[in-house]
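# Structural features, examined
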Amino acid sequence: MSLSRTETVGRRGFLTGRGEAQLRPPWATEESIRESCTSCGACISACPEAILIEGPAKTPTVDFSENACTFCRKCADACEEGVFGDTSEAPWNLIATIQNSCMLNIGVSCQICSDACMDDALRFSYLPQPSGKIEINTEACTGCGACISVCPNGAIELRKAPQGESDA
């Protein structure tokens, strides 16, 4: 997955559309969208999680503000234009990162993101005092976005995983 303007994708960027790259659907790239997408909306309509929305030129972008991607492949199956790549491959190379605005950094005990993570990529650790810390298992993180919509401070972003850090 190539993020053209920045290396991170966060909740605020999706909601405001300012200053951050548009995240394209899983198995699609900015290049494949530009070359093949006809803006028909079939992938958007097919998404059962309703995370695909109209972006620039009515092309699909991902919005994690309400839900997460289950990687069900229905968007790719609905596309007749060849926008989506091989769905047996990893959908993208994105992992969650916790920003300084995390409530744990101001002493408020919160673990909503780790509770929402079905892949156990985010885990709450009681060790750092006074309020704990969220630890990220980058090998387990799929970049599904489940943690983004639930974070009360918008402190979670997705970023490109460094080579060798994650295949997800």
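Our structure's up above, just so we're on the same page.
Conventions and cut-offs
- Residues numbered from 1 in each chain as written.
- Predicted model: local features only at pLDDT ≥ 70, side-chain atom pairs only at ≥ 80, totals over all residues.
- Heavy atoms only, no water.
- Helix = DSSP H or I, 4+ residues; strand = E, 2+ residues; numbered from the N terminus.
- Buried < 20%, exposed > 50% of the residue type's maximum accessible area, 1.4 Å probe, protein only.
- Areas by Shrake-Rupley, 256 points an atom, 1.4 Å probe, with all protein chains shown as cover.
- Phe/Tyr/Trp six-rings, centres within 6.5 Å; stacked < 30°, edge-to-face > 60°.
- Salt bridge = Lys/Arg side-chain N within 4 Å of Asp/Glu carboxyl O.

All right, on to the overall build of the protein then. Regarding its fold elements, the protein presents six helices and seven strands. In the protein, the succession of helices and strands from N to C terminus is β-α-α-α-β-β-α-β-α-β-β-α-β. By the burial criterion, 46% of the 168 residues in the protein qualify as buried. Total accessible area on the protein stands at roughly 8700 Å², and carbon and sulfur atoms take up 47% of it.

This part covers the packing of aromatic side chains. Counted by the stated rule, this structure contains four aromatic pairs. Ring geometry for Trp27 against Phe71: centres 6.2 Å apart, planes inclined by 80°, an arrangement best described as edge-to-face. Of this pair, Trp27 sits in the loop between helix H1 (11-16) and helix H2 (30-36) while Phe71 sits in the loop between strand E3 (60-62) and helix H4 (74-78), and the two are 44 residues apart along the sequence. For the pair shown, Trp27 and Phe71 are each scored as buried. A centroid spacing of 5.8 Å and a plane angle of 80° characterise the contact between Phe71 and Trp92, whose relative ring orientation is edge-to-face. With Phe71 in the loop between E3 and H4 and Trp92 in the loop between H4 and strand E4 (94-98), this residue pair connects regions lying 21 residues apart in the sequence. For Phe71, a relative accessible area of 16% corresponds to the buried category. Trp92 gets classed as buried once you look at its relative accessible area, which sits at 3%.

Another aspect to go through is the pattern of salt bridges. In total, this model carries two salt bridges according to the counting rule given. Across the salt bridge formed by Arg24 and Glu30, the nearest N and O atoms sit 2.8 Å from each other. As far as burial versus exposure is concerned, Arg24 and Glu30 are alike and both buried. One salt bridge in this structure joins Glu30 and Arg34, with 3.0 Å as the shortest N-O distance. Highlighted residues: Glu30 and Arg34, both in helix H2, separated by four residues, approximately one helical turn. One continuous salt-bridge network, built from bridges that share partners, spans Arg24, Glu30 and Arg34.

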